[in-house]
Amino acid sequence: NAGVMQNPRHLVRRRGQEARLRCSPMKGHSHVYWYRQLPEEGLKFMVYLQKENIIDESGMPKERFSAEFPKEGPSILRIQQVVRGDSAAYFCASSPPGQVNAPQHFGDGTRLSIL
Amino acid sequence: QKEVEQDPGPLSVPEGAIVSLNCTYSNSAFQYFMWYRQYSRKGPELLMYTYSSGNKEDGRFTAQVDKSSKYISLFIRDSQPSDSATYLCAMGRAGANSKLTFGKGITLSVRP
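Residues numbered from 1 in each chain as written. Chains lettered and ligands numbered in written order. Predicted model: local features only at pLDDT ≥ 70, side-chain atom pairs only at ≥ 80, totals over all residues. Heavy atoms only, no water.

Q: Pulling in residues and values, what's your account of the overall build of chain A?
A: Along chain A, the regular secondary structure elements total zero helices and 11 strands. At 13 Å, chain A has a C-alpha radius of gyration in line with the 13 Å of a compact globule built from 115 residues. Burial analysis of chain A (115 residues in total) assigns 46% to the buried set. Taking the intrachain contacts of chain A between residues at least 6 apart in sequence as the baseline, contacts between residues at least 24 apart amount to 52%. The distance from the centre of the 16 positive side-chain charges to the centre of the 11 negative ones in chain A is 6 Å. (Helix = DSSP H or I, 4+ residues; strand = E, 2+ residues; numbered from the N terminus. Rg over C-alpha atoms; globule rule 2.2 N^0.38 Å. Buried < 20%, exposed > 50% of the residue type's maximum accessible area, 1.4 Å probe, protein only. Contact = heavy atoms within 4.5 Å. Lys, Arg positive; Asp, Glu negative; His and termini not counted. Charge placed at Lys NZ, Arg CZ, Asp CG, Glu CD.)

Encoded structure:
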């Protein structure tokens, strides 16, 4: 399945550490979206990126969170100085270029646990 | 009022039953609609994608959209134990690739 690849699948961090989550989109896709899923909650949009550009970061917390999608390599969601409330499943989705409102395809997520 | 409301669960049905899953929304800017299925510890898997009012059928699944009532449904015919999963409705605005807004999801269990 040459789908959206996320790693690591599970990540454990202590409070105050940094977490880096990686996402490789489906082959041929150049649009990447990050969502967060808290227990008993639906997925919440965080950020939408194209290569080297942040298009919409309206769902991203203003502090400690950042995202990038460099020209080469995967998209990275970075959380600095993690706190217990950051514990969640983080999902990445991708869609192809040139198609307005193309459906988004998701990876299997990174489950972040904060000790 | 939340932008997207999804019927709360969980829902348990016997094998072979017809299942109806529903979502309502308040934002008329939503123009395209999706249903995703999510198995435990996995990512959402796209089941149905629709852009207009009416019905769309794919095998045992039918998606229904009523934009005038701001109401969408997913019907599953001849439900199978393998359909046991969480079902999420999602919506997006027209005109450009953009964020999806999801319902909370409903967990379906199909009993053999």
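Q: Report on the sheet that holds strand E7 (residues 61-66) of chain B, specifying residues and quantitative values.
A: All names here are of chain B. The five strands are arranged E1-E3-E8-E7-E6 in an open sheet whose pairing can be described as antiparallel. The sheet is open, and its two borders are formed by strand E1 (4-6) and strand E6 (54-58), each paired with just one other strand. Adjacent strand axes in the sheet meet at a mean angle of 15°, parallel and antiparallel pairs treated alike. Bridge count for E6 against E7 is five bridges, and the pairing is antiparallel. Each residue of the ladder has a partner; that of Asp 58, found in E7, is Phe 61. (Pairing = 2+ DSSP bridges. Axes fitted to C-alpha atoms, helices over the stretch in contact; angles between N-to-C directions.)

Q: Kindly report on the sheet that holds strand E3 (residues 19-24) of chain A, identifying the contributing residues and their values.
A: All names here are of chain A. Strand order across the open sheet formed by four strands is E1-E3-E8-E7, with antiparallel pairing between neighbours. Where the open sheet ends on each side, the last strands, each with one partner, are strand E1 (5-7) and strand E7 (65-68). Across the sheet, the axes of successive neighbouring strands diverge by a mean angle of 15°, strand direction being ignored.

Q: Can you break down the state of the cysteines residue by residue, with the values?
A: Residues and elements named next belong to chain A. Taken as a whole, this structure holds two disulfides over all chains when the rule is applied. Residue Cys 23 pairs covalently with Cys 92 via a disulfide, S to S 1.8 Å. Between Cys 23 and Cys 92, the S-S dihedral sits near -55°, and the bridge is therefore left-handed. Within this pair, whereas Cys 23 is found in strand E3, its partner Cys 92 is found in strand E9 (residues 88-95), the two being separated by 69 residues in sequence. As far as the burial class goes, Cys 23 and Cys 92 line up, both buried. (Disulfide = S-S within 2.5 Å.)

Q: How would you summarise the nonpolar core if you had to cite specific residues and measurements?
A: Among the nonpolar cores identified, the biggest contains 25 residues, and Leu 21, Trp 35, Ile 72, Leu 74, Ile 76, Tyr 87 and Met 91 of chain B are the most heavily contacted of them. Listed by contribution, the elements that provide at least two residues to this core are strand E3 (19-25), strand E4 (30-38), strand E5 (45-50), E7, strand E8 (71-76), strand E9 (85-93) and strand E11 (106-111) of chain B. If near-sequence neighbours (up to four positions away) are discounted, Met 91 of chain B is found in contact with Val 4, Cys 23, Tyr 25, Phe 30, Tyr 32, Phe 33, Met 34, Ile 72, Lys 99, Leu 100 and Thr 101 of chain B. Grouped together as the second largest cluster of nonpolar side chains are 22 residues, Cys 23, Phe 65, Tyr 90 and Ile 114 of chain A included. (Core = buried A, V, L, I, M, F, W, Y, C linked by side-chain atoms within 4.5 Å.)

Q: Tell me what's going on with the pattern of salt bridges, and back it up with residues and numbers.
A: Residues and elements named next belong to chain A. Taken as a whole, this structure holds eight salt bridges over all chains when the rule is applied. Between Glu 18 and Arg 20 there is a salt bridge; the shortest N-O distance is 2.9 Å. Ionic pairing is found between Arg 64 and Asp 86, a salt bridge with its closest N-O pair at 2.7 Å. Taken together, the residues Arg 64 in the loop between strand E6 (53-56) and E7 and Asp 86 in the loop between strand E8 (75-79) and E9 connect sequence positions 22 residues apart. A relative accessible area of 24% means that Arg 64 is categorised as partly exposed. Salt bridges here are not isolated pairs; linked through shared partners, they connect Glu 18, Arg 20 and Arg 78. (Salt bridge = Lys/Arg side-chain N within 4 Å of Asp/Glu carboxyl O.)

Q: Hey, could you go over the interface of chain B and chain A for me, with residue numbers and the actual values?
A: At the junction of the two partners, chain B supplies 22 residues and chain A supplies 27 residues. Interface area for chain B against chain A, summed over the two sides, is near 1,900 Å², with a carbon-plus-sulfur share of 48%. Taken together, the links from chain B to chain A amount to one salt bridge. Ionic pairing is found between Lys 42 of chain B and Asp 108 of chain A, a salt bridge with its closest N-O pair at 3.5 Å. When contributions to the side of chain B that touches chain A are tallied by element, the ones reaching two or more residues are E4, E5 and E9 of chain B. Take the side of chain B that touches chain A: its biggest share by element is three residues, from E4 of chain B. The residue makeup of the side of chain B that touches chain A, split by class, is 11 nonpolar, six polar and five charged. (Buried area = accessible area lost by both parts, 1.4 Å probe. Nonpolar A, V, L, I, M, F, W, Y, C, P; charged D, E, K, R; others polar.)

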